[in-house]
Amino acid sequence: MTIPVLETARLRLRAYQAADLAPLLAMWQQPQFYQYITGQPATEADVWPRLLRDTGLWVVCGFGYWAIEEKATGEYVGAVGFADFRRDIVPALAWPEAGWSLAPHAHGRGYATEALGAALAWGDAHLPQPRTVCIISPDNQPSLRLATRLGYQEVGRTTFKNQPVVVLERLAPA
């Protein structure tokens, strides 16, 4: 399976490469990055399987995660995409789950809006259903604002791994 490459004015969304491990691991060492995800740093032994999983989703599901790089520098700055994580959560997430994460040094530049917008446009054209969902910590106000700005609406609140989460959904434009 060839993972599509998406480009925006400033970003390239591409397949992961082994060289992405170092900057991905560095992200997972920064409290500003992991505070709303796991609440703790991740080791290389945690991050490498995540990189492999996010890549492997493409082969199994026909969708997955892209590495985000700055076009001007080639620097890895985050990830965005869709997954079927089969989470142990009620209500079950029965549609592709959107997700995004950026290195803290890339915050505040509009990269998340740009990358997620490109991923959603791809999803609207290629996902098997017109609906996507996402879960976000209620404390992660920047991600909640971004999700709302790009068409997600809150449909409920629940817990995941003993942490509260907001469940949001988005329907592709008709």
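In this text, all values refer to a predicted model and were calculated from it rather than measured experimentally. (Residues numbered from 1 in each chain as written. Predicted model: local features only at pLDDT ≥ 70, side-chain atom pairs only at ≥ 80, totals over all residues. Heavy atoms only, no water.)

### Some words on helix H3 (residues 44–61)
Stage number 1. Look at H3: 25 Å from first C-alpha to last across 18 residues, which is about the 26 Å you get at 1.5 Å a residue.
Stage number 2. The largest bend in H3 is about 30 degrees, located at threonine 55.
Stage number 3. Among the residues of H3, Val47, Leu51, Asp54, Leu57 and Trp58 are the ones counted as buried.
Stage number 4. Those residues of H3 hidden inside the fold are in contact with helix H1 (21–27), strand E3 (65–70), strand E4 (76–83) and helix H4 (111–126). (Helix = DSSP H or I, 4+ residues; strand = E, 2+ residues; numbered from the N terminus. Expected span 1.5 Å × (residues − 1). Bend = angle between axes of the 7 residues up to and from the residue. Buried < 20%, exposed > 50% of the residue type's maximum accessible area, 1.4 Å probe, protein only. Contact = heavy atoms within 4.5 Å.)

### Quick word on the nonpolar core
Stage number 1. With 32 residues, the main nonpolar core has Leu13, Trp66, Val80, Phe82 and Trp100 as its most contacted residues.
Stage number 2. Only strand E2 (11–14), E3, E4, strand E5 (97–102), H4, strand E6 (131–136), helix H5 (141–149) and strand E8 (163–171) provide two or more residues apiece to this core.
Stage number 3. Sequence-distant contacts of leucine 13, that is, excluding residues within four places in its chain, are made with Pro4, Val5, Leu6, Trp66, Ala67, Ile68, Val80, Ala115, Ala118 and Ala119.
Stage number 4. Counting residues in hydrophobic clusters, the runner-up holds 18 residues, among them Leu57, Ala67, Tyr76 and Ala79. (Core = buried A, V, L, I, M, F, W, Y, C linked by side-chain atoms within 4.5 Å.)

### Looking at the pattern of salt bridges
Stage number 1. Throughout the structure, instances matching the rule amount to 13 salt bridges.
Stage number 2. We note a salt bridge from glutamate 97 to arginine 87, for which the minimum N-O separation is 2.8 Å. Remark: arginine 87 occurs in the loop between E4 and E5 and glutamate 97 occurs in strand E5; sequence separation between them is ten residues. (Salt bridge = Lys/Arg side-chain N within 4 Å of Asp/Glu carboxyl O.)

### A short note on the pairing of E8
Stage number 1. Both E6 and E8 contribute to a ladder of six bridges, which runs antiparallel. Within E8, the position partnered with cysteine 134 by the bridge is leucine 168.
Stage number 2. Pairing geometry for strand E7 (residues 153–160) and E8, over seven bridges, is antiparallel. Considered in E8, the bridge of arginine 157 is made with valine 166.
Stage number 3. Between E7 and the antiparallel strand that follows it, E8, lie two residues; lysine 161 among them carries a positive phi value of about 50 degrees. (Pairing = 2+ DSSP bridges.)

### Details of a nonpolar patch on the surface
Stage number 1. A cluster of nonpolar side chains, namely Met1, Val59 and Val60, defines an oily patch on the protein surface of about 370 Å² accessible area.
Stage number 2. Mapped onto the fold, valine 60 is located in helix H3. (Patch = residues over 30% accessible without salt bridge, like charges linked within 9 Å, V, L, I, M, F, W, Y side chains within 5 Å. Areas by Shrake-Rupley, 256 points an atom, 1.4 Å probe, with all protein chains shown as cover.)

### Description of the packing of aromatic side chains
Stage number 1. The full count for this structure, using the stated rule, is seven aromatic pairs.
Stage number 2. Site record: aromatic cluster; members linked through ring pairs are Trp58, Trp66, Phe82 and Trp122.
Stage number 3. Across the ring face of phenylalanine 160, the terminal group of arginine 87 is positioned such that the distance to the ring centre comes to 4.8 Å.
Stage number 4. Across from the ring centre of tryptophan 95, 4.6 Å away, lies the NZ or CZ of arginine 131, which sits over that ring. (Phe/Tyr/Trp six-rings, centres within 6.5 Å; stacked < 30°, edge-to-face > 60°. Lys NZ or Arg CZ within 6 Å of the ring centre and 35° of its normal.)

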